[in-house]
Amino acid sequence: MWGVMRSSAAEENPLVSVIIPTFNRSSQVVEAVQSVLEQTYRPLEIIVVDDGSTDGTREHVAAYSDRCTLLSSKENRGVSAARNRGIRKSCGQFVALLDSDDLWLPDKLAHQIAFFRRHPQALICQTEEIWMRRGVRVNPRKIHRKYSGHIFSRCLPLCIVSPSAVMIKRELFDLVGLFDEQLPACEDYDLWLRIAAQHPIFLVRQPLIVKRGGHEDQLSRTVLFLDRYRIQSLCKLLQGARLTPEQWWQAAGELQKKAAVYCGGCRKRGKTDEADRVDMLVNAALKMPDSTR
């Protein structure tokens, strides 16, 4: 599908495609681009995907037109569609994602390429991160701790893989697919589960990204009831992914816990139709396929 020609020199110093989706973050995306340009690793392909911004993002990014590609759309289709568009247009052997409100430290890509050179069979790795909230450094909670290797069960409660921290070999997308464009949130949780069900996700233990949170347009602040989309993702996973019996039971248990909390909250708020809808979705997903028996 991707068909990139490779020489021995390219294997030693492979092209990395950096995908930066953005929506109405004209000043932040410029800082994100600058952090990529300051990377000690080369060669780079930088693709900024402007997902229907109305704040002058296109004009701000145009100042870097000699060093990055800008893909623009007239409508806001969501971060999954933006990332997927950038991935499809890219041609690097490796893909690195960067959210437009995050930053990379200068050696981020160099450390990850070095990791892949040491571990040529690996398909994905992420780094540790520095958390900033409204300009102040904060410590992640224990539930956000990152792990390395076969981490499927640890990925079930919540997302412990950061899009801005990952580097992915291109062929992995052929194996598990791209981001689900039907999910307005938790699209990363969905993809990491599909990957972790079949492949190890490795951790480079240096903190090499600056994750900036607390701003008003942060997705986790603007999309209510995120577990609704985690439930949707788990239902899809149980019905369609190639899970081992142990993985199926682990995912089923997490789904039941999330559904009980979410549906209970809906009923307390009088949203019985939504609770009934999710109950039906969950009950259908919990019918164990023959392959997992």
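Definitions and limits used
- Residues numbered from 1 in each chain as written.
- Predicted model: local features only at pLDDT ≥ 70, side-chain atom pairs only at ≥ 80, totals over all residues.
- Heavy atoms only, no water.
- Helix = DSSP H or I, 4+ residues; strand = E, 2+ residues; numbered from the N terminus.
- Rg over C-alpha atoms; globule rule 2.2 N^0.38 Å.
- Buried < 20%, exposed > 50% of the residue type's maximum accessible area, 1.4 Å probe, protein only.
- Areas by Shrake-Rupley, 256 points an atom, 1.4 Å probe, with all protein chains shown as cover.
- Lys, Arg positive; Asp, Glu negative; His and termini not counted.
- Charge placed at Lys NZ, Arg CZ, Asp CG, Glu CD.
- Contact = heavy atoms within 4.5 Å.
- Polar contact = N/O pair within 3.5 Å; in protein donor to acceptor, adjacent residues only side chain to side chain.
- Phe/Tyr/Trp six-rings, centres within 6.5 Å; stacked < 30°, edge-to-face > 60°.
- Pairing = 2+ DSSP bridges.

## Considerations on the overall build of the protein chain
Alright, step 1. Summing up its helical and strand segments, the protein chain has 12 helices and nine strands in all.
Alright, step 2. Relative to the 2.2 N^0.38 estimate, which gives 19 Å for 293 residues, the radius of gyration of the protein chain is 19 Å and therefore close to what a compact globule would have.
Alright, step 3. Summarising its shape, the C-alpha atoms of the protein chain cover approximately 55 × 40 × 35 Å along the three principal directions.
Alright, step 4. Taken across its 293 residues, the protein chain has 52% of its residues classed as buried.
Alright, step 5. A total accessible area of about 14200 Å² is found for the protein chain, and carbon and sulfur atoms account for 52% of it.
Alright, step 6. Placing the 42 positive and 34 negative side-chain charges of the protein chain at their respective mean positions leaves the two points 4 Å apart.

## Description of the environment of Asp107
Alright, step 1. With respect to the secondary-structure elements, Asp107 resides in the loop between strand S5 (103–104) and helix H5 (108–118).
Alright, step 2. Along the primary structure Asp107 and Pro140 are separated by 33 residues, whereas in three dimensions their C-alpha atoms are 22 Å apart.
Alright, step 3. Among residues more than four places away in sequence, those in contact with Asp107 are Gln39, Thr40 and Leu208.
Alright, step 4. At 2.9 Å, the side chain of Asp107 and the side chain of Thr40 are in polar contact.

## Observations concerning helix H4 (residues 79–89)
Two residues of an α-helix separated by three or four positions point the same way, owing to the 3.6 residues in each turn.
Alright, step 1. When we look at burial in H4, the residues that qualify are Ser80, Ala81, Ala82, Arg83, Asn84, Gly86 and Ile87.
Alright, step 2. Where H4 is buried, its residues meet strand S1 (16–22), strand S2 (44–51), strand S3 (69–73), strand S4 (94–97), helix H7 (171–176) and helix H8 (187–196).

## Brief notes about the environment of Lys74
Alright, step 1. Note on placement: Lys74 falls in the loop between S3 and H4.
Alright, step 2. Looking at Lys74, the relative accessible area reads 87%, which means it is exposed.
Alright, step 3. With 126 residues separating them along the chain, Lys74 and Pro200 place their C-alpha atoms 38 Å apart.

## Points about the packing of aromatic side chains
Alright, step 1. On inspection of all chains with the given rule, the structure shows six aromatic pairs.
Alright, step 2. Ring geometry for Phe94 against Phe116: centres 4.7 Å apart, planes inclined by 45 degrees, an arrangement best described as tilted. In this pair, Phe94 is assigned in strand S4 and Phe116 in helix H5, connecting sequence segments 22 residues apart.
Alright, step 3. For Phe94, a relative accessible area of 8% puts it in the buried group.
Alright, step 4. With 5.6 Å between their ring centres and 45 degrees between their planes, Phe115 and Phe202 make a pair best called tilted. Here Phe202 lies in strand S9 (residues 202–213) and Phe115 lies in helix H5, a separation of 87 residues in the sequence.

## Concerning the pairing of strand S6 (residues 124–133)
Alright, step 1. With respect to burial, S6 is a largely interior element, seven of its 10 residues being buried.
Alright, step 2. For S6 and strand S8 (residues 166–169), the ladder comprises three bridges, and the chain directions are antiparallel. Paired with Gln126 across the bridge in S8 is Val166.
Alright, step 3. Relative to S9, S6 runs parallel, the two being bridged by nine bridges. Across the sheet, residue Trp131 finds its bridge partner in S9, namely Lys211.
Alright, step 4. Here three bridges tie S6 to strand S7 (residues 136–138), and the two strands are oriented antiparallel to one another. When the bridges of S7 are listed, Trp131 appears paired with Val138.
Alright, step 5. Linking two consecutive strands that pair antiparallel, namely S6 and S7, is a turn of two residues; a positive phi of about 50 degrees is found at Arg134 within it.

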